[in-house]
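Fold and geometry: a report
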Amino acid sequence: MLKTLVYLNADLASSIALRYACQLTHVIKMKLHTVHVEEPDHDGYAPGTGWVRRTWEDAMLKTGEFEIAQLIKAEKSSCPRLGPTKMLVGDRENEILREIQRESYDLFVEGSLHSFTPKKLYDKIHSRLYRHIPCPVIVVKNLVNLEKIALIVRDEVEYKKPVSMFLKIFSGAKLNLDLIYCKFQEPGKLSFKGQKDANGILNAIKKNLIEQDWHPEDCWTIQGAPEEIGDVLRDYGMVASLLHHSISKKSNWFQLLSHIPSPILIFWQ
Amino acid sequence: MRILVAVDQHPYSAHVVKDVAKLAGNTWADVTLVGVGPKMTYIGQPSNKAEKKHPLTKALRNYRRNFLDYFEKEESPYEKRACNYEFVEVKRGVWEELYICRGAMKDLKIVLRSGNPVKEILAQSQEDDSDLIAMGCYKSGDCQWEGAVNIPQKVANNAACSVLVIKKEKKIRKIACCLDQENISQKSIEMINQMVTLYQTELEIVGLTDGTALKPMVEKNLDAILKYYNARQIKAWIKLVDVASMASFISQEARRSMMALWMGEHSLLSKMFPRGKVDKLIRGSESSVLLLR
C-alpha cells in the first residue's frame, strides 16, 4: 500500500488537494496521511527558550489545529477515513522534508492553484523541498475527475525510469492511461498522430508497460506549442512526467507543465 | 430576470436573438426586443406606409417570430393563450361559465424607439429595470454595428446593469470569469451558470492576485463558487492571474474564450476598465464579452 503524505493549509489549494487525494484512494491502494506546518513569524525567530518557547509553540499549534480541523470537517464527506493531521512547527519546507524522510513516504501531494504566469510553479520546482524530496510529487492545480491519466514523454529522456516509477505508483490501479509523445513547434500548427505513426520511444514505452500488464488505452503524438499541448491535456485527470530540477524556465517542457491546468505528477529525474 | 435585446436589422442581431431565446428558455426571463431607428411618424395602422418604409419594423417582427419559434408552442411561456369559455368556481359550490383569456406567462415586448441609439437603449433598460442588455456586433474589426460607431461599446460603458456583447459565429470554447472582489451576487453567479449551459462550454474562474496570494475573502468566494458549480456538474477550472499580467491574460484569453468580468464598485477590474474604457476590452476581444454589474 502506497504511503502518501498530503500537505494541508487552511486554504483553497489544500482543500482541492485533499479532495483530489481522496479521489486517488478510490483508484490506487494508498493510505493518506496529512501534515500541517505552522510557521513562526516571517523573521523566523521563535521567542525565548524552554518553557516560554514551548508555550508559544503550543499556542501557535492550537490556532493552526483549529483551522485545519475546520478544513478536514468540510471535506469529511468526500474523505471519511481520514486520520488526524500531524501538526508541526518550524520552517515549512524543512519540516515536510524531515517528515517525508522520517516516515519514508512514497508520494507527496500538495495543492497549488493553476497560475497564468509560470513563476509560481518554477519557484516550487526549484524550492529546497522539491530539490531534496525523495519521492514523486503530485501538484494539484485544479479539482478534476480521475477517469483518465496521461504519461507524457519526449525524445531526450531515458524511458525506463518514468515507466518503473509509474508502475510503482499505479500498479493495480483501475485507470485508463494514454501514452503521449510531445513534440514542440511554432504556435498555430497543432497536429496529432495516432498509434500507427508512433515513434521508437512511444513504442518502447508501450511495450515496457504491456510487459508489466499495463495496457495503455491510446498512444499518440501531439505536435504544437507548449500552451496548445497544455490545453489539449486539460482533458486528463492527471498528467505524469519525468522532470529534472535544473529545468530552465524557458524550456518548452517546463512551459508545457506550467500550462497544464490538471494535476501533474512529477517523477524526479 | 428581464433581458433587453438591442437590435438592428443586420445578421449579428438575428444571431443574438437566437442566443437570447435559448437563454430565455432556461431562465424564463421577461424579454424586450428594442430597435432604434430614424424618427418615425405614426406607424400603428397596418396599412400605413411609414411602417413599410421603416427599416426596423420588418426586422423586429422577424425577430419576434424567430424568438417564439425556438419554443414548442404548447410549452412556450411567451405564447399568448387563446380565449375560451371555462367553468370557474365563483362561490363555494357555485360554478359559472366565464369567457377567460389567459395571457402569456412571461412577457415578450417589442419596442421601436427613435433617437440616439445609445441613449434610447439605455433609457429602455432603465424603464424596464433590465438585469441584462444583450447585443451583437460584427466579429471582424472592432465590434461595430452597421452604419454606426461604437454602439455596443458605448452601451457597455454606460449601462447600469450587466451587458452581454455576442460576436457572431464565434464558437465559445470556454468562459473565463475574472473575480477579484469580495461581494459577488448570487444573481451574477446564476448568470454565469446560464451562460455555461447556453454555450455548453467549460468554465474558468480567474482569481486576481496581487502577485503573491488571493485576498482571503476572494479565496473564500472562489471556494464557494467552485463548490456551487461542481454541485451542478459544471466543469470549473481555477486560474490565478497577477494584476500586473491581467492585460496580457485578457488579450491572450479573449481570442478563444468568452470573457466575463465582475465589475463591482471595489473591483480592480473596474479600475482597469473604468466606465469609458470598457470599449477597449470589447473592441480588443475576438470573443463575446459579458460584463457583470
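Bear in mind that the values here come from a model prediction, so they are computed numbers and not experimental data.

1. Quick word on the interface of chain B and chain A
Chain B puts 11 residues into the contact, and the matching count from chain A is 10 residues. Listed by contribution, the elements that provide at least two residues to the side of chain B that touches chain A are α7 (216-231) and β10 (236-242) of chain B. Of the residues forming the side of chain B that touches chain A, the biggest block, six residues, is contributed by β10 of chain B.

2. Here we look at the domain arrangement of chain A
A common way to state how big an interface is: give the accessible area lost once the parts meet. Residue and element names in this part refer to chain A. Under the domain assignment, chain A is made up of domain 1 (2-140) and domain 2 (148-268). Look at where the C-alpha atoms of domain 1 and domain 2 centre, and you get two points 27 Å apart. The interface is formed by 19 residues belonging to domain 1 together with 21 residues belonging to domain 2. Secondary structure elements with two or more residues in the side of domain 1 that touches domain 2: α1 (12-27), α4 (119-125), α5 (128-132) and β5 (137-140).

3. With respect to the packing of helix α1 (residues 11-27) of chain B against helix α6 (residues 186-199) of chain B
All names here are of chain B. Interhelical geometry of α1 versus α6 gives an angle of 120 degrees and a closest axis separation of 10 Å. On the basis of their axis angle, the class for α1 and α6 is oblique. In the crossing of α1 with α6, the sense of the turn from one axis to the other is right-handed. Residue-level inspection shows D19, K22, L23, N26 and T27 of α1 in contact with α6, the latter providing Q194, T197 and L198. The class makeup of the residues in the contact of α1 with α6 is two nonpolar, four polar and two charged.

4. Here we look at the domain arrangement of chain B
Residue and element names in this part refer to chain B. Assigned domains within chain B: domain 1 (1-74 + 107-169) and domain 2 (170-293). Each partner contributes to the interface: domain 1 provides 25 residues, whereas domain 2 provides 20 residues. Secondary structure elements with two or more residues in the side of domain 1 that touches domain 2: α1, α5 (151-158) and β7 (162-167). For the side of domain 1 that touches domain 2, a count of residues per class yields 11 nonpolar, seven polar and seven charged.

5. Looking at the sheet that holds strand β5 (residues 108-114) of chain B
Either a parallel or an antiparallel arrangement is found when strands of a sheet pair, and the pairing is made through backbone hydrogen bonds. Residues and elements named next belong to chain B. The strand order across the open sheet built from 10 strands is β5-β2-β1-β6-β7-β12-β11-β8-β9-β10, with neighbouring strands paired in mixed fashion. At either margin of the open sheet sits one strand with a lone partner, and together these are β5 and β10. The sheet shows a mean angle of 20 degrees between the axes of neighbouring strands, direction not considered. With six bridges connecting them, strand β1 (residues 2-7) and strand β2 (residues 30-37) associate as parallel partners.

6. Remarks on the packing of helix α4 (residues 117-128) of chain B against α5 of chain B
Geometrically, a packed helix pair is captured by the angle between its two axes and the distance between the axes. Residues and elements named next belong to chain B. Look at α4 against α5: their axes get within 9 Å of each other, and the N-to-C directions meet at 40 degrees. Considering their axes alone, α4 and α5 lie oblique with respect to each other. In this structure, α4 crosses over α5, and the sense of that crossing is right-handed. Each of P117, V118, I121 and L122 in α4 lies in contact with α5, whose residues at this interface are I151, K154, V155 and N158. Here the residues of the contact of α4 with α5 are counted per class, giving six nonpolar, one polar and one charged.

7. A short note on the nonpolar core
Core analysis: the largest hydrophobic core is formed by 152 residues, its most contacted members being V5, V155 and A260 of chain B. At eight residues, the largest contribution of residues to this core is made by α1 of chain A. The contacts of V5 of chain B, once residues within four sequence positions are left out, are V16, V17, V20, V31, T32, L33 and A134 of chain B.

8. Examining the confidence of the model for chain B
Residue and element names in this part refer to chain B. Summary statistics for chain B give a mean pLDDT of 81 and a share of 86% for residues scoring 70 or more. The element-level mean pLDDT for chain B is lowest in helix α2 (residues 49-53), coming to 56, with β1 highest at 93. Prediction confidence for the complex, expressed as pTM and ipTM, is 0.81 and 0.82 respectively.

9. Here we look at the sheet that holds strand β10 (residues 238-243) of chain A
All names here are of chain A. Taken together, the 11 strands give an open sheet; going across it, the order is β3-β2-β1-β4-β5-β11-β10-β6-β7-β9-β8, and neighbouring strands pair in mixed fashion. Every other strand in the sheet has two partners, leaving β3 (86-89) and β8 (191-193) as the edge strands with one partner each. Across the sheet, the mean angle from the axis of one strand to that of its neighbour is 25 degrees, orientation sign disregarded. Of the pairings in the sheet, the one linking strand β2 (residues 30-38) to β3 comprises four bridges and is parallel in character. Bridged to E38 within β3 is V89. The sheet strands contacting α1 are β1 (2-7), β2, β4 (107-111) and β5, and the helix crosses β4 at an angle near 140 degrees.

So, how was this worked out
- Residues numbered from 1 in each chain as written.
- Chains lettered and ligands numbered in written order.
- Predicted model: local features only at pLDDT ≥ 70, side-chain atom pairs only at ≥ 80, totals over all residues.
- Contact = placed C-beta atoms within 7 Å.
- Helix = DSSP H or I, 4+ residues; strand = E, 2+ residues; numbered from the N terminus.
- Domains from an automatic or database assignment.
- Axes fitted to C-alpha atoms, helices over the stretch in contact; angles between N-to-C directions.
- Parallel < 35°, antiparallel > 145°, perpendicular 65-115°, else oblique.
- Left-handed = near helix turned anticlockwise from the far one by under 90°.
- Nonpolar A, V, L, I, M, F, W, Y, C, P; charged D, E, K, R; others polar.
- Pairing = 2+ DSSP bridges.
- Core = buried A, V, L, I, M, F, W, Y, C linked by C-beta atoms within 7 Å.
- Buried ≥ 20, exposed ≤ 12 C-beta atoms within 10 Å, placed from the backbone.
- pLDDT = per-residue confidence, 0-100.

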